Structures are given as C-alpha cells and as structure tokens.
Amino acid sequence: MEAHRKEALQLLRHQLTQTVKQPVEAPGRVASPRTLTLPDLTAADDLALHRPGAEIRALLSSRGPAPARRLLDRLLRRKGEWDSWCRGLAGERKAGAELNRLTRHGWRVVHSVPRPTGGDIDHVLIGRGGVFSINTKNLTGKTVWIGDEMVRVDHGKPRPYPAVSRNEAAYVRRVLERYCSFPVPVEPILVFVGVPELPRSATQLDVRVYRHKDLASLAPLTGRFTDEQVEALYAVARHRKAWLGGG
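This one's a predicted model, so the numbers in the text were calculated from it and none came from an experiment.

Q: Would you mind showing me how to read the packing of aromatic side chains here?
A: Aromatic rings in a pair are described by how distant their centres are and how their planes are angled relative to each other. Within this structure, the stated rule accounts for 3 aromatic pairs. Taking 6.1 Å as the distance between ring centres and 45° as the angle between the ring planes, the aromatic pair formed by Trp 107 and Phe 132 counts as tilted. Of this pair, Trp 107 sits in the loop between helix H4 (83-101) and strand S1 (108-114) while Phe 132 sits in strand S3 (residues 130-138), and the two are 25 residues apart along the sequence. By relative accessible area, Phe 132 is classed as buried at 0%. Relative to Phe 225, the ring of Phe 182 has its centre 6.1 Å away and its plane inclined at 55°; by these criteria the two rings are tilted. Here Phe 182, found in the loop between helix H5 (161-179) and strand S7 (186-193), pairs with Phe 225, found in the loop between strand S8 (208-211) and helix H6 (227-237); they are 43 residues apart in sequence, far enough to count as distant.

Here is the structure:
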C-alpha cells in the first residue's frame, strides 16, 4: 500500500513539473503572428493619388491610340481593339466617383491597386463597416444574370465574375494582414455600370452585387473596425510596396 502511495506522489510531482514548463498566456489574449513593416511612404508609391482607372489610363497612354484618334473613332462609331479598355475605363470612373463620395462619411478608398502578377483590383474600400474589394464591369445597355460562380451577359456564355471577385478579396486580405496585427475580413463586391436591373440566383450570398448608383447604400455601415484600425488599414492599402510582395 505504501509503495502505491509513493508511486502516485511521484507521478503527481512529474505532472506538476511538466505543467509549469508550459508558457501561459494572459486570459483573454490571443497570440498574433508577427507583422511586417513598410518603408516610409513616398509620393511615387502613394496609391491615394491614383484616379479611378489609373492602370488602364497608363496602358492606353503607352500602347493605345492617341486621344484624338479615340475621339474620332467614337464620333464615327468605329470599333477598334481598344474599345473594351475604353469601356472599362469609363466604368471605373463612374464607380470610382460614387466611392469617392463615401469619404464624406469616413470611408477611405484606393483605386487601381496593382497586383504583382499583372492587372489590378479596381477599387479597395475601407471603413468602420468593413473592407471591400470592388470589381467593376461596364455593361451599359446589356442584361445580366448573376449566379454563384458565373454571370451571363445578354444570355451569352458564362463569365466567372463572382469567382474572380472572391479571389481578389482573398488577395486583399492576405496583403493587409501581413501588415496589420488584427484579422481583416474582406468582402468582394461586383459593381455593374449601366445595367437596368440585377436578377440573381437566390443562393448568391457571399459576393455583394450593386449597380454603381447603389454604392451609396454602403455609407451607414459600421461596427467592423475602430477609427484607429481604419487608419491603419488605409496606411497599408495606399502604399504601393505593400502590394508588390505577391499574393
């Protein structure tokens, strides 16, 4: 009997010793991953200076036809290889103007956010109500139907706009969380310019869908981030070098 008691005491001492060796965090605290630090922001790297459609503007300026030629083509209703780019630029400008109006309600917006693999994200919107990556489509005069993964334009072949928007939101989250010490959920938004209505699948819940004139409905959203977090997020989002690390 005495031997069993000694063995039990030895086992208890061993367990207590192992417990003491384990690090104990303060109650209610969650360990956060190490965040990266950005260099000082310069004017060359400040995306807050970007106008809507900046990437398309740069492409048209470097490789596209001269402005006079584009104007003449429009007047004569001649179609060219750059028509889709010009249409996209017009759409981003209209959606960007609506987003810029949200800044009077405390929102922050960055346009034409570059991706290291090429292309860009049309707009990133940041505020107390959340972070949104925004994919703009100028489909003036066309009809659309929106499903979980695809969009049909004028009853044509499926286009993967919702899936692309979700991918962009995941990319924005990865970048922002590299430099912020708190979780940054990002919601994707599809914005359609010039469409009369937006019929959609009843199961389409994880991608917000708006006409560009309806973006004002985002203004009263709140409760996701504090003012300090909004400014921290904006400081990262406007820094070009934050987006050049890949994703």
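Q: In this structure, what is going on with the pairing of S3? I would like to understand it.
A: On a regular strand, each side chain points to the face opposite its neighbour's, so the side chains alternate between the two faces of the sheet. Counting buried residues in S3 gives 8 out of 9 residues, a clear majority hidden from the surface. Judged from the 5 bridges that link them, strand S2 (residues 120-127) and S3 form a sheet pairing that is antiparallel. Bridge pairing in S3 links His 123 to Ile 134. Taken together, the 8 bridges between S3 and S7 define a ladder with parallel strand orientation. Bridged to Asn 135 within S7 is Leu 190.

Q: Explain H5 to me, please; I cannot follow it from the model alone.
A: Because each turn of an α-helix spans 3.6 residues, side chains separated by three or four positions end up pointing in the same direction. For H5, spanning 19 residues, the distance from its first C-alpha to its last is 28 Å, which sits close to the expected 27 Å at 1.5 Å a residue. All of the buried residues in H5 are Tyr 161, Pro 162, Ser 165, Glu 168, Ala 169, Tyr 171, Val 172, Val 175, Leu 176 and Tyr 179.

Q: Please clarify how the sheet that holds S8 should be interpreted in this entry.
A: The strands that make up a sheet are held in pairs by hydrogen bonds between backbone atoms, and each pair lies either parallel or antiparallel. Strand order in this open sheet of 5 strands is S1-S2-S3-S7-S8, and the pairing throughout is mixed. The sheet is open, and its two edges are formed by S1 and S8, each paired on a single side. The average angle at which neighbouring strand axes cross in this sheet is 30°, direction not considered. Pairing between S7 and S8: 4 bridges, direction parallel. Bridge assignment links Leu 190 to a residue of S8, and that residue is Val 209. Seen against the sheet, H5 touches S1, S2, S3 and S7 and runs at an angle of roughly 135° to S7. Contacts from H6 reach S1, S2 and S3 within the one sheet, and its direction differs from that of S1 by about 25°.

Cut-offs applied
Residues numbered from 1 in each chain as written. Predicted model: local features only at pLDDT ≥ 70, side-chain atom pairs only at ≥ 80, totals over all residues. Heavy atoms only, no water. Phe/Tyr/Trp six-rings, centres within 6.5 Å; stacked < 30°, edge-to-face > 60°. Helix = DSSP H or I, 4+ residues; strand = E, 2+ residues; numbered from the N terminus. Buried < 20%, exposed > 50% of the residue type's maximum accessible area, 1.4 Å probe, protein only. Pairing = 2+ DSSP bridges. Expected span 1.5 Å × (residues − 1). Axes fitted to C-alpha atoms, helices over the stretch in contact; angles between N-to-C directions. Contact = heavy atoms within 4.5 Å.

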